[in-house]
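# Observations on chain architecture
Given next are the chains, with one letter for each unit.
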Amino acid sequence: MTRPNLAMDAPPEVLCIAGENVPVATDYRVWLMALPLLRRIPDDGAYAELVGLLFGGDTGHRREDVLWAAAEFLRGYPSEHEGAHEGKGGALSFEWDINEIVLDIRDRTGLDLSYRRTEPFHWWLFLLEAGRG
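Residues numbered from 1 in each chain as written. Predicted model: local features only at pLDDT ≥ 70, side-chain atom pairs only at ≥ 80, totals over all residues. Heavy atoms only, no water.

### Comments concerning the confidence of the model for the chain
Averaged over every residue, the pLDDT of the chain is 88; residues scoring 70 or more account for 89%. Within the chain, no element has a lower average pLDDT than helix α5 (residues 123-131), which sits at 93, and none a higher one than strand β2 (residues 20-23), at 96. In this model residues 83-88 is a low-confidence stretch, pLDDT under 50, and it forms 11 contacts with partners more than four residues away in sequence or in other chains. (pLDDT = per-residue confidence, 0-100. Helix = DSSP H or I, 4+ residues; strand = E, 2+ residues; numbered from the N terminus. Contact = heavy atoms within 4.5 Å.)

Quick look at the structure:
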């Protein structure tokens with residue numbers, strides 16, 4: 001199997017959890033909200049909030065399998081660089097630098113990812129855009 005790439009492959013709309021494809025929320029705003037929840041794991045409340053956010057509720061899979069699949073999805077398209085958001089100036093924080101990232105994407109591409117956006121924008125595409133800054 002070849003590595004997924006933007007030239008040939010649409011970003012996934014499902015996560016493969018223990019061999020089963022499970023629909024997942026893909027909008028970048030959802031994943032920006034998921035990041036702090038992932039940092040709070042193994043807190044049971046954070047896990048419940050995370051699966052509610054990403055899947056609409058419990059998937060019926062083992063916690064370890066769900067977290068593994070979420071961590072893999074979080075990385076975006078495969079890259080030789082571990083963090084797609086690590087741009088030319090070093091690592092950026094989605095928590096602290098999100099305003100600058102959104103403005104930079106707008107200035108470079110004309111794509112408005114601010115609060116005004118009503119349509120989803122896939123997390124993997126957001127990572128690619130954020131990494132170009």
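Okay, back to it.
### Structural notes on the nonpolar core
In this structure, Trp31, Leu54, Phe55, Phe94, Trp123 and Phe126 are the most contacted members of the largest nonpolar core, which totals 35 residues. For this core, the secondary-structure elements that each account for two or more residues are β1 (14-17), α1 (28-39), α2 (44-55), α3 (63-74), α4 (98-109) and α5. In this structure leucine 54 touches Pro23, Val24, Ala25, Val30, Trp31, Ala34 and Ala70, once residues within four positions along its chain are discounted. (Core = buried A, V, L, I, M, F, W, Y, C linked by side-chain atoms within 4.5 Å. Buried < 20%, exposed > 50% of the residue type's maximum accessible area, 1.4 Å probe, protein only.)

### Here we look at the side chain of histidine 122
When you line up the elements, histidine 122 lands in the loop between α4 and α5. For histidine 122, the residues in contact, after removing those within four places along its chain, are Pro11, Pro12, Glu13, Thr26, Tyr28 and Phe73.

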